[in-house]
Amino acid sequence: MTAVGDRQDAVDLINTRTVYGAIVLGQSPEILTASANGAAVSQILDQLAAPIQAQANAAAQAAVTQAIAAGQAPAGTTAPAITVAVTDVVPLASTDARGVGLTAAAFPLVLGGILGGVLVSLLITGVWRRLTSVIVYAVVTGVGVTLIMQPWFGILQGSFALNAAAITLAMAATASFVVGANALLGRGGIAVGSVLTMLIGNPLSSATQPLQFDVAPWGAVGQWFVPGASSTLIRDLSYFPDASTIFPWLVLAGWTALGIVAMFVGHFRNQQVISSLAVSEDPA
């Protein structure tokens, strides 16, 4: 719980995704939510309205009863009914009113990046050709997925260019890491890159619920993996433009750079220097 000065301060914190919601006390009690954070946290905040309203009405009636007993109010005075309003500060778009599309999009992004890394590792040889293939794959799939998720289904909101850049970088981060692991470890590197992304990074991504719902510190740890960073970045770009997105951008860029470095290290490490033996000619 974080105490702030007034309602506007609470709204600012919600818009920057510093908090998930707020309880406004005073003459007009109110619950502030942001359904764009996901259904799990919104349901919890919505359920707070009833008990707070009951407590407020009970406190008001007790104050009136005390005033009557002290002779400060005439007998029969009743307390005014208090209603606690619920305001959705950052609602989901009508094209994805339950947020199902935004949540479900996390898995295809992970799978798409792994698929690109596997295909490049198995079909392309040469470090520069592999790097070029990863870049082309990431750009084509990034723009294609954004076209499907934004103009077609209306899942993503905000700037098309920024959303496309985020998805492209997410694809590049996963694909380059898989290719780099393959360059360093051989075919086993494909399994290492895929398992690390799919079976470790994806469950810790907090794509379906707030990271605080995971056992500490795993929610925060998940944001250092590609699935967690990409899910957070896409949600922030669509619904929380005031939130800082520096961290997820840097995480995705870091995984991309790591994969590229691994590609080059594996490529030059596997090179062999071949020297020819001395040849003597037979005069005949």
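Scroll up a little and you will see the structure.
Because the structure is predicted, anything quoted here is derived from the model rather than measured.

> Requested: an account of the overall build of the protein, with residues and values cited.
Check the secondary structure of the protein and you find 11 helices and three strands. For the protein, the α and β elements follow one another from N to C terminus as α-β-β-α-α-β-α-α-α-α-α-α-α-α. C-alpha extents for the protein along the principal axes are approximately 135 × 35 × 25 Å. Burial analysis of the protein (284 residues in total) assigns 43% to the buried set. Partitioning the intrachain contacts of the protein with sequence separation of at least 6 by distance along the chain shows that 65% fall at a separation of at least 24. Summed over all atoms, the accessible surface of the protein reaches about 15400 Å², with 66% contributed by carbon and sulfur. Of note, the protein has its 8 positive side-chain charges centred 13 Å away from the centre of its 12 negative side-chain charges.

> Any chance you could break down unusual backbone geometry for me, citing the residues and the numbers?
For the bond running from Ala216 to Pro217, omega is 0 degrees, close enough to zero to count as cis. Secondary-structure assignment places Pro217 in the loop between helix H8 (187-201) and helix H9 (218-222). In this model, Arg17 sits at a positive phi of 60 degrees, which is unusual for a non-glycine residue. Examined against the element boundaries, Arg17 turns out to sit in the loop between helix H1 (7-15) and strand S1 (22-24). In this structure, Ser206 is a non-glycine residue whose phi angle is positive, near 60 degrees. Relative to the helices and strands, Ser206 resides in the loop between H8 and H9.

> Help me get a handle on a nonpolar patch on the surface, residues and values and all.
On the surface, a nonpolar cluster with roughly 390 Å² of combined accessible area is contributed by Ile135, Val139, Val143, Leu147 and Phe160. Counting residues per element, the nonpolar patch draws most heavily on helix H6 (residues 127-152), at four residues. For Leu147, the location among the structural elements is in helix H6. What makes Leu147 partly exposed here is its relative accessible area of 44%.

> Quick rundown of the packing of aromatic side chains? Include the residues and the values.
This structure, assessed with the given rule, holds five aromatic pairs. With a centroid separation of 5.0 Å and 80 degrees between ring planes, the pair formed by Trp128 and Phe264 is classed as edge-to-face. One end of the pair, Trp128, is in helix H6; the other, Phe264, is in helix H11 (residues 246-269), and 136 residues separate them in sequence. Members of the aromatic cluster, each reached through a chain of ring pairs, are Phe177, Phe225 and Trp255.

Thresholds, definitions, all that
- Residues numbered from 1 in each chain as written.
- Predicted model: local features only at pLDDT ≥ 70, side-chain atom pairs only at ≥ 80, totals over all residues.
- Heavy atoms only, no water.
- Helix = DSSP H or I, 4+ residues; strand = E, 2+ residues; numbered from the N terminus.
- Buried < 20%, exposed > 50% of the residue type's maximum accessible area, 1.4 Å probe, protein only.
- Contact = heavy atoms within 4.5 Å.
- Areas by Shrake-Rupley, 256 points an atom, 1.4 Å probe, with all protein chains shown as cover.
- Lys, Arg positive; Asp, Glu negative; His and termini not counted.
- Charge placed at Lys NZ, Arg CZ, Asp CG, Glu CD.
- Patch = residues over 30% accessible without salt bridge, like charges linked within 9 Å, V, L, I, M, F, W, Y side chains within 5 Å.
- Salt bridge = Lys/Arg side-chain N within 4 Å of Asp/Glu carboxyl O.
- Phe/Tyr/Trp six-rings, centres within 6.5 Å; stacked < 30°, edge-to-face > 60°.

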